Amino acid sequence: MKDAATTMDNHNLANAIAELVFSRYKSCPAKCKPTVRPDGTREWTNLASVVVRTAEGKLVCASIATGVKAMPDSTVATAGGRILHDCHAEILAIRAFNRYLINECQKLDGDESYFSPCVVRNANTESRNFKRFRLGEKCQIYLLASEVPCGDASMEQIGAGTKEAWDSTLLERGRPLKGREYFSEIGQVRTKPGRSDAPESLSKSCTDKLCLRQFTSLLLTPTTLLMETDGMYLAALIVPESKLNRESFTRAFGRYGRLSRMLGLKDDRSYGFWPFEYWTYGWPRFEHSKECIDEDSSKPSNISLIYVANMEDVESIIKGRKMGAKASSISGASVVSRILLIHDAIPLAGRDTGLTPTMYSDLKRDPARQRQKDICRRALGNWWQTAEDNFVVLR
């Protein structure tokens, strides 16, 4: 158990991270943020940010994202890597962090004199799975969220005082539960969106996806071609002081909660199981949270904001694409979309490896990474796959 001094140090660091993140968010364009609708209805959203603490103690706000929407599963098979299926803030922030890392790798590759605060060239050519870049020595990665991640970690909070009236046959189907179904059924895999009348997405809850990240690292498939997984795990998940239920978090994310079924299974040496800590911040509050809007008639915003520290533009995303973009145009794809991330990563990786895949799915079949996913999914149970978003990478 941590002593009081360590707990206070963590809380102070969490407050400093929150202050940095909300300051960056405040400077983002108004068009990317919730607004007041013509009928006077105010909008709210959720925010998440990935922040890196360097060995020197500097805080780098690598990414910020907002959002509460998810696309129906029916759109996935025809997305062609251009559409963001999951626009919940936590997931977009991690995708934006991967964009930040790829951008840093590009700069290091193109300029020998460039110094990155978070990424370094990898000198350990004897490593088991050598990649050209890695996280800087002693860097720590934190994810700040303005709300408790949706899914199992939030069940007690969302279901407090709610009377359930669900059809019992739903539990017998063996599928994941939607986010707001059966609050009393804790420890379950859940999907987005939460409403029972919404089109099914099969996109797993943020709680479930963060569980998976404890096994596979924060790196997405494109970034795994460039960077070592060492150090690329969350050190702490940071949420508001008033929102943390440690019992819920321990059950949802901890080794001895719902993941206890994976005990005894051997991790792959190139990955591992790296549980994160749970920290809280007290101030400031997120200005566009539902709590701050505090109106019964308020509505969730359909806009997602994507901020990447080493890029000039801040993106506004609607229905998984850049605001105002044509549905069929690749120019409408977000900088954190699969197609743009992989197209930027392949030249850096392929130069040394001779990598010449033709389809995106070819790149996702790394045996070590797949084993880690399988360990987590078997432990959680009822992990139904979404439709495959496959597309040509190189012709």
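Quantities reported herein were computed from a predicted structural model and do not represent experimental measurements.

A. Structural context of helix H6 (residues 246-253). Among the residues of H6, those classed as buried are Ser248, Phe249, Arg251, Ala252 and Phe253. Where H6 begins, the side chain of Asn245 points an oxygen toward the backbone nitrogen of Glu247, at a separation of 3.1 Å.

B. Structural view of the layout of surface pockets. Approximately 1300 Å³ is the volume attributed to the largest pocket. Elements that contribute at least two residues to the lining of the largest pocket include exactly strand S4 (68-70), strand S5 (86-88), helix H2 (89-110), helix H3 (155-159), strand S10 (190-192), helix H7 (290-293), strand S14 (299-300) and strand S16 (315-318). Sort the elements by how many residues they give to the lining of the largest pocket and S4 lands first, with three residues. In terms of residue class, the lining of the largest pocket is built from 17 nonpolar, 15 polar and 14 charged. In this structure, the second largest pocket occupies an estimated 1000 Å³ of space. Arg338, Lys364, Lys373, Arg377 and Thr386 are, among the 40 residues lining the second largest pocket, the residues nearest its centre. Elements supplying a minimum of two residues to the lining of the second largest pocket: H2, strand S11 (203-204), helix H4 (206-216), helix H9 (360-363) and helix H10 (367-380). With five residues, the top contributor of residues to the lining of the second largest pocket is H4.

Rules and cut-offs
- Residues numbered from 1 in each chain as written.
- Predicted model: local features only at pLDDT ≥ 70, side-chain atom pairs only at ≥ 80, totals over all residues.
- Heavy atoms only, no water.
- Buried < 20%, exposed > 50% of the residue type's maximum accessible area, 1.4 Å probe, protein only.
- Helix = DSSP H or I, 4+ residues; strand = E, 2+ residues; numbered from the N terminus.
- Polar contact = N/O pair within 3.5 Å; in protein donor to acceptor, adjacent residues only side chain to side chain.
- 1 Å grid on protein atoms, 1.4 Å probe; cavity = no way out; pocket = protein on both sides within 12 Å on 5 of 7 lines; lining within 4 Å.
- Points joined across faces, edges and corners; volume = space filled by probe spheres on them.
- Nonpolar A, V, L, I, M, F, W, Y, C, P; charged D, E, K, R; others polar.

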